[in-house]
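Here are the chains, one letter per residue:
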Amino acid sequence: MNVFIDEIEKEMIKTDLPELNPGDTVKVFVRIKEGNKERTQAYEGVIIKKQGSGSNKSITVRKVFQGVGLERVFPIHSPRIESIKVLRRGDVKRAKLYYLRDRIGKATRIKEKMTR
Amino acid sequence: MTLGVIGEKLGMTQVFSEEGIIIPVTVIKVEPLTITQIKTVEKDGYNAIQVGLVDAKEKHLTKAQQGHLTKNKLGLFRVLKEFKVEDTSSYEIGQTLDASILADIEKVDVTGRSIGKGFQGTVKRHNFSRGPMAHGSKNHRAPGSIGAGTTPSRVFKGKKMAGNMGNETVTVTKLQVVKIDNDKNLLLVKGSVPGPEGKLVTVKPSRVKWN
């Protein structure tokens, strides 16, 4: 990568984000514009994928809402993302948790990571 | 008929707009231009300014090139380019130009030399259809018929055939200027521009009318 491009990307990278890993349950606070008003909406779910690098990094968060699987992709350095809160650290053996898509109910549980 | 800037294509990245929309951008490092010659209708038959960029060593230039540049004591340049202009009176030899020319411009045209692909068949070069790959077919990537027989008993000029692809001058028009960084001499335009990274591209105010 070019030095100048790195500098451009560095300007956009947020430094106050927590460490995010696949398997973590997170709450993402997204700014939403309705007409002239702006409000924050929270979206809670499990990170099933981390993608990209630098300012281009994004996470895919999956949750099951009214029996329907829902996945949203968030570019984490976007100004639309107000903050991300990690609710629970998951202990998983994969980088991409696509297997969760085929599972329902109890089978989707993820073991909690024990930290010393 | 306007002045533009010349810069090195550094590569692509993406930036966020204020609303948080992702914009894909190409980063161009604008080279400082020095006017090396002014051409006029009376002397040269047309109005243009010649600019030099990229410092060079003496050994890289011919005697003729050195003579042309040392005449006005401007230093040595590796690349000389011309911009046709309508009026040359506001320019003088030795004047330097930078990205600030594009300060009020919203859309630009970018010219560069496209990446060379070598000798390519019709499928890749002109998007011809491929034949069936199996079931006894022997027509896989062949061009097919190139014209009728006795009449006209020749192949029309400009018939799309296999040949060298890429490595030609390409202009992409109406690219939005996302940002100009005068301190670092960087120019960010929306979308892709022709050519490989590290090559020079010319950026001019867009001459295509747009709404």
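A brief structural summary. Keep in mind the model is a prediction, meaning the values are calculated, not measured.

1. Describing the interface of chain B and chain A
Phase 1: Every contact between the two is made by 19 residues of chain B and, on the other side, 16 residues of chain A.
Phase 2: Where chain B abuts chain A, roughly 1400 Å² becomes buried across the two surfaces, and 65% of that area is made up of carbon and sulfur atoms.
Phase 3: The interface formed by chain B and chain A includes three salt bridges.
Phase 4: With a closest N to O distance of 3.7 Å, A:Glu11 and B:Lys179 form a salt bridge.
Phase 5: The interface formed by chain B and chain A contains four residue pairs in polar contact (both at pLDDT 80 or more).
Phase 6: Those elements that provide at least two residues to the side of chain B that touches chain A are strand S1 (5–16), strand S2 (22–30) and strand S11 (186–190) of chain B.

2. Regarding the side chain of A:Lys14
Residues and elements named next belong to chain A.
Phase 1: Following the sequence through the fold, Lys14 ends up in the loop between helix H1 (3–12) and strand S1 (25–34).
Phase 2: We note that Lys14 is buried and unpaired, the nearest opposite charge coming from Asp16 at a distance of 6.4 Å.
Phase 3: Look past the residues within four positions of Lys14 in its chain and what remains in contact with it is Ile76, His77, Ser78 and Ile81.

3. Re empty space enclosed by the protein
Phase 1: Across all of its chains, the model carries one cavity of 30 Å³ or more by this definition.
Phase 2: The space that makes up the largest cavity amounts to roughly 50 Å³.
Phase 3: Along the walls of the largest cavity sit A:Ile8, A:Glu11, B:Lys179, B:Ile180, B:Asp181, B:Lys184, B:Leu186 and B:Leu188, which together make up its complete lining.
Phase 4: Looking at the lining of the largest cavity element by element, the count peaks at three residues for strand S10 (residues 169–181) of chain B.

4. Looking at unusual backbone geometry
Residue and element names in this part refer to chain B.
Phase 1: With an omega dihedral of 10°, the bond running from Thr151 to Pro152 counts as a cis peptide bond.
Phase 2: The topology assignment puts Pro152 in the loop between helix H3 (122–126) and strand S9 (163–165).
Phase 3: For Asn127, which is not glycine, the phi torsion reads 60° and is therefore positive.
Phase 4: Along the chain, Asn127 falls in the loop between H3 and S9.
Phase 5: Take Asn127: its relative accessible area is 68%, and that puts it in the exposed class.
Phase 6: Of note, the phi angle at His135 is positive, near 55°, even though the residue is not glycine.
Phase 7: Structurally, His135 is set in the loop between H3 and S9.

Reading guide: rules and limits
- Residues numbered from 1 in each chain as written.
- Chains lettered and ligands numbered in written order.
- Predicted model: local features only at pLDDT ≥ 70, side-chain atom pairs only at ≥ 80, totals over all residues.
- Heavy atoms only, no water.
- Contact = heavy atoms within 4.5 Å.
- Buried area = accessible area lost by both parts, 1.4 Å probe.
- Salt bridge = Lys/Arg side-chain N within 4 Å of Asp/Glu carboxyl O.
- Polar contact = N/O pair within 3.5 Å; in protein donor to acceptor, adjacent residues only side chain to side chain.
- Helix = DSSP H or I, 4+ residues; strand = E, 2+ residues; numbered from the N terminus.
- Buried < 20%, exposed > 50% of the residue type's maximum accessible area, 1.4 Å probe, protein only.
- Lys, Arg positive; Asp, Glu negative; His and termini not counted.
- 1 Å grid on protein atoms, 1.4 Å probe; cavity = no way out; pocket = protein on both sides within 12 Å on 5 of 7 lines; lining within 4 Å.
- Points joined across faces, edges and corners; volume = space filled by probe spheres on them.

Interpretation note: all reported values are geometric properties and have no functional meaning in isolation.
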